[in-house]
Amino acid sequence: MRRNQFTLNLTTELSADALTQKLAQYEPWGHRIDFNNGVSTADLAHRTPFNIYTIQKIKAVENSIPFQNFRNGTVLDIGCNSGHNSIYLAMEYGMKPTGIDISPRHIDVSRLLSEIANIDSHYTLGDAETFCNEGSYDVVLHFGTLYHLPNPLLSLQTSYKNLKQGGYLALETQVYDHPKDKNICYFMHMHNNDKTNFWALSTHVLKQYLEILGFKDIKEILKVSPKMLEKNMSRIILVAVK
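About the criteria used
- Residues numbered from 1 in each chain as written.
- Predicted model: local features only at pLDDT ≥ 70, side-chain atom pairs only at ≥ 80, totals over all residues.
- Heavy atoms only, no water.
- Helix = DSSP H or I, 4+ residues; strand = E, 2+ residues; numbered from the N terminus.
- Buried < 20%, exposed > 50% of the residue type's maximum accessible area, 1.4 Å probe, protein only.
- Contact = heavy atoms within 4.5 Å.
- Lys, Arg positive; Asp, Glu negative; His and termini not counted.
- Charge placed at Lys NZ, Arg CZ, Asp CG, Glu CD.
- Polar contact = N/O pair within 3.5 Å; in protein donor to acceptor, adjacent residues only side chain to side chain.
- Salt bridge = Lys/Arg side-chain N within 4 Å of Asp/Glu carboxyl O.
- Phe/Tyr/Trp six-rings, centres within 6.5 Å; stacked < 30°, edge-to-face > 60°.
- Lys NZ or Arg CZ within 6 Å of the ring centre and 35° of its normal.

Draft legend 1. Local environment of the overall build of the protein. A count of helices and strands for the protein gives 6 helices and 13 strands. Overall, the C-alpha framework of the protein stretches about 55 × 40 × 30 Å when taken along its three principal axes. The 242 residues of the protein split such that 50% are buried. Here the analysis covers contacts within the protein between residues at least 6 apart in sequence; of these, 64% occur between residues at least 24 apart. The positive charge centre, built from 24 side chains, and the negative charge centre, built from 24, are 5 Å apart in the protein.

Structure (structure tokens):
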């Protein structure tokens, strides 16, 4: 598989055999991660679909958040999955990641990859709605998690509390925009037979609630409508400042 700019590339002193043995414990893999010794999760058992654009979301917001100003600062990675986004920020900007997820497997994988890459990080089981270390983070990443929450507005409120003053929220989620009513939100429980799907807020409601919380400079970075989504649904990336 050809390398691309959206693949997370990690450096390790482990041999290819030793690394493969460690990674094989967590098959099937959902994201492509390449290593300097030639090993790639793309060559192990992986899920379908398999995301080869592992750090595409963090790359999308990189020019909209002054990460250089937060060098050696703190980042909270909500719904961290394999920790790929915050690990990237740790490598590129020296940020110290805290990642939360409700999946023990995701936490174990994030810890493993951080250890392999020799990154000082903290990954722990936690709920996006309630995990709170008030005023502790320069950046909060909230990627691909909001529509999986029964109380998405509570999670945004908690994200605001977690940020330091002047900190940034980077939010990627699924939205539902009805052409005749910008306030309609879509209850998508069991959408695609997924019991973890709950709410697709409208873009208007999402931005309005961020304003209510006190966020400013809310910018829509990206909005796409993949064919797999139902009518009026899109994926959106927003960046906002506390």
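So, next bit.
Draft legend 2. Spatial organisation of the side chain of Asp138. Position of Asp138 relative to the elements: it lies in strand E8 (residues 137–143). Within the local environment of Asp138, its side chain forms a polar contact with the backbone nitrogen of Thr74, the two atoms lying 2.9 Å apart. Excluding anything up to four places from it in sequence, Asp138 contacts Phe70, Gly73, Thr74, Met95, Leu163, Lys164, Gly167 and Tyr168.

Draft legend 3. Region of interest: the pattern of salt bridges. Summed over the entire model, instances satisfying the criterion amount to 7 salt bridges. Here Glu172 makes a salt bridge to Lys57, at a shortest N to O gap of 3.0 Å. Residue Glu172 is found in strand E9 (residues 163–176), and its partner Lys57 is found in helix H2 (residues 56–61); the two are separated by 115 residues along the sequence. Lys57 sits in the partly exposed class, given a relative accessible area of 30%. Take Glu172: its relative accessible area is 4%, and that puts it in the buried class. One network of salt bridges, in which partners are shared, links Lys57, Glu172 and Arg235.

Draft legend 4. Broad picture of the packing of aromatic side chains. Under the defined criterion, the tally for this structure stands at 6 aromatic pairs. Here the aromatic rings of Tyr176 and Tyr186 are separated by 5.1 Å at their centres, their planes lie at 20 degrees, and the arrangement is stacked. Highlighted residues: Tyr176 in strand E9 and Tyr186 in strand E10 (residues 186–187), separated in sequence by 10 residues. Accessibility expressed as a relative area gives 12% for Tyr176, which makes it buried. Directly above the aromatic system of Tyr160 lies the positively charged group of Lys242, at a separation of 4.6 Å from the ring centroid.

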